[in-house]
Amino acid sequence: ATVANTSNTASFTHYLYMGMTKLNVSDPDVVLLQQRLKSDGFYSGPVTGYFGALTKSALEMYQKKNKLSSVGVVGPSTRALLNKSI
């Protein structure tokens, strides 16, 4: 899955959090999140679909920069912001 910043074809609809996927198991929503954080300059790790420590740290930086609670999970507020700027 790829994220096009000019397209509204993909959106975040689920609660995403660290450890929600098992190692070596790719989650399409986490892939979307990692691609988005990478394109916005917050994530420099591999796009694996696994929500680990690197993804959580990048998400916390994204949340802090956007004046959200930097809790490292994609809940309603973060999801709304991510979907707004797709």
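Residues numbered from 1 in each chain as written. Predicted model: local features only at pLDDT ≥ 70, side-chain atom pairs only at ≥ 80, totals over all residues. Heavy atoms only, no water.

1. Re the overall build of the chain
Condition: Secondary structure elements are defined from DSSP: runs of H or I of at least 4 residues count as helices, runs of E of at least 2 residues count as strands, and each element is numbered from the N terminus. Note on classification: 1.4 Å probe, protein chains only; a residue is buried when its accessible area is under 20% of the maximum for its type, exposed when over 50%, partly exposed between these limits. For this analysis, residues touch if any pair of their heavy atoms sits within 4.5 Å.
Along its length, the chain carries three helices and zero strands. Tracing the chain from N to C terminus, the helices and strands come up as α-α-α. The proportion of buried residues among the 86 residues of the chain is 38%. Restricting to contacts in the chain with at least 6 residues of sequence separation, those with at least 24 account for 41%.

2. Quick look at the packing of aromatic side chains
Selection criterion: Think of it this way: a Phe, Tyr or Trp ring, Trp meaning its six-membered ring, pairs with another when their centres are within 6.5 Å, and the plane angle makes it stacked under 30 degrees, edge-to-face over 60, tilted otherwise.
Counted according to the given criterion, the structure contains two aromatic pairs. Geometrically, the ring pair formed by Tyr15 and Tyr17 is tilted, given 5.5 Å between the ring centres and 40 degrees between the ring planes. A residue is classified by how much of its surface remains accessible, and Tyr15, at 46% relative accessible area, is partly exposed. Ring centres of Phe42 and Tyr62 lie 5.5 Å apart, and the angle between their planes is 90 degrees; this geometry places the pair in the edge-to-face category. With Phe42 in the loop between α1 (28–39) and α2 (53–65) and Tyr62 in helix α2, this pair connects stretches of sequence that are 20 residues apart. A relative accessible area of 17% means that Phe42 is categorised as buried.

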